[in-house]
Amino acid sequence: YKVNQAYFFGTSGMENYYGEGNGADALNEVLDYNFGISADYYVVFNFQALVAFVDAIGGVEVNLPEPVYGGSQGDFPPGEQTLTGERALALARIRENYSDEFRVGNQSLIIQAIFEKLLQPTTLLKLPGLVGQFQDSILTNLPLGQISELALCFREFDKESLVTHQVPSEILTLENLYLTSLNEYTYGFRWDGRLLEWIEFSLKNTN
């Protein structure tokens, strides 16, 4: 199985899970079982919610080091540019002509851009309203009151405290694998103990 299939198999009606029986909890259990890490809280949103949210905050600014040729998703020039919700989603989904590693890098870039936009004074003023606007567009185990408190915490948040990690390609092995769960061959990353060591080191050295 691919790790990200855990969410799908955990969704209601699939009946292929152990535990709580929803996608986010199933994925959390798989991450804990394989890598020894788990999340206290989760937020899940779909493509439409991402597009609407990015548009609601006035788009996001990204700086691409090189041009991206997205095929059916469209092309992106190098350099600084402001992306609408639709364009941000397109950049986050590009894998054609590239790799999963490339796609993850773009997704991390967009997430960072969203956080940076949220920390701008003009956007901070909008946060309470945004919470109310999008509370029905997400799945989360955070109580509504805590979501509002988190929005207020952004006013004191230092963007330098935002840390992201991407697994180094040299500790993963890309292979064309036959997955019985998909009944087809697909490219995927195999991992070993080096990944576990990297995760533990990265988490310990984040603070």
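I will try to describe carefully the structure that is included in this document. Model, not experiment: these values are computed from the prediction.

As for the nonpolar core
Taken as a class, soluble globular proteins show a tendency for nonpolar side chains to be buried jointly.
Point 1. Counting 26 residues, the largest nonpolar core has Val-60, Phe-76, Leu-91 and Ile-114 as the members making the most contacts within it.
Point 2. Mapped onto this core, the elements with two or more residues apiece are helix 3 (47–56), strand 2 (60–64), helix 4 (85–93), helix 5 (100–118) and helix 7 (127–134).
Point 3. Those residues in contact with Leu-91 that sit more than four places away from it in its chain are Leu-64, Val-68, Phe-76, Leu-83, Asn-106 and Ile-110.
Point 4. Among the nonpolar cores identified, the runner-up in size contains 5 residues, and Phe-35, Ile-171, Leu-195 and Ile-199 belong to it.

So, the pairing of strand 8 (residues 184–190)
Point 1. Where strand 7 (residues 173–179) meets strand 8, 7 bridges bridge the pair, whose relative direction is antiparallel. By the bridge assignment for strand 8, Leu-177 is matched with Thr-186.
Point 2. Taking the residues that link successive antiparallel strands as the turn, the strand 7-strand 8 hairpin has 4 residues, and the phi of Asn-183 there is positive, at about 60°.

Things to note about the packing of aromatic side chains
Point 1. With the rule as written, the count across this model stands at 6 aromatic pairs.
Point 2. On the numbers, 5.5 Å between centres and 55° between planes, the contact of Phe-8 with Phe-9 is tilted.
Point 3. With relative accessibility at 47%, the residue Phe-8 sits in the partly exposed group.
Point 4. Judged by relative accessible area, Phe-9 falls into the buried class, the value being 16%.
Point 5. Site record: aromatic cluster; members linked through ring pairs are Tyr-1, Phe-8 and Phe-9.

Section: the pattern of salt bridges
Point 1. Counting across every chain of the model gives 4 salt bridges.
Point 2. Arg-190 is the salt-bridge partner of Glu-175, the closest N and O atoms lying 2.8 Å from each other. Residue Glu-175 is located in strand 7, and its partner Arg-190 is located in strand 8; the two are separated by 15 residues in the primary sequence.
Point 3. Classification of Glu-175 as partly exposed rests on a relative accessible area of 27%.
Point 4. Judged by relative accessible area, Arg-190 falls into the partly exposed class, the value being 46%.
Point 5. Across the salt bridge formed by Lys-204 and Glu-200, the nearest N and O atoms sit 3.1 Å from each other. You can see Lys-204 and its partner Glu-200 sitting in helix 9 (residues 193–204), 4 residues apart, about one turn around the helix.
Point 6. Residue Lys-204 is classed as exposed on the basis of its relative accessible area, which comes to 60%.

A few points about helix 5
Point 1. With 19 residues, helix 5 extends 27 Å from end C-alpha to end C-alpha; this agrees with the ideal 27 Å at 1.5 Å per step.
Point 2. Taken together, the buried positions of helix 5 are occupied by Phe-102, Asn-106, Ser-108, Ile-110, Ala-113, Ile-114, Lys-117 and Leu-118.
Point 3. On the buried face of helix 5, the contacting elements are helix 3, strand 2, strand 3 (68–69), helix 4, helix 6 (121–124) and helix 7.

The rules behind these values
Counting from 1, residues in each chain are numbered in the order their sequence is written. Given that this is a predicted model, residues contribute local features only at a pLDDT of at least 70 and side-chain atom pairs are listed and counted only at 80 or more, while totals for whole chains, interfaces and linings are drawn from all residues. Where side-chain values are given, they derive from all heavy atoms of the structure, hydrogens and water being excluded. The nonpolar core is taken to be a set of buried Ala, Val, Leu, Ile, Met, Phe, Trp, Tyr and Cys residues, with the residues joined through side-chain atoms within 4.5 Å. For each residue, the accessible area found with a 1.4 Å probe, counting protein chains only, is set against the maximum for its type, and the residue is called buried under 20%, exposed over 50%, and partly exposed in between. The helix count covers DSSP runs of H or I at least four residues long, the strand count covers runs of E at least two residues long, and both are numbered beginning at the N terminus. Contact criterion: two residues are considered in contact whenever any of their non-hydrogen atoms come within 4.5 Å of each other. Strand pairing is defined by DSSP finding a minimum of two bridges between the two strands. When two rings of Phe, Tyr or Trp (its six-membered ring) have centres within 6.5 Å they constitute a pair, described as stacked for plane angles under 30 degrees, edge-to-face for angles over 60, and tilted for the intermediate range. Salt bridges are counted wherever a side-chain nitrogen of Lys or Arg sits within 4 Å of a carboxyl oxygen of Asp or Glu. Expected span of a helix, by definition, is 1.5 Å for each gap between consecutive residues, and there is one gap fewer than residues.

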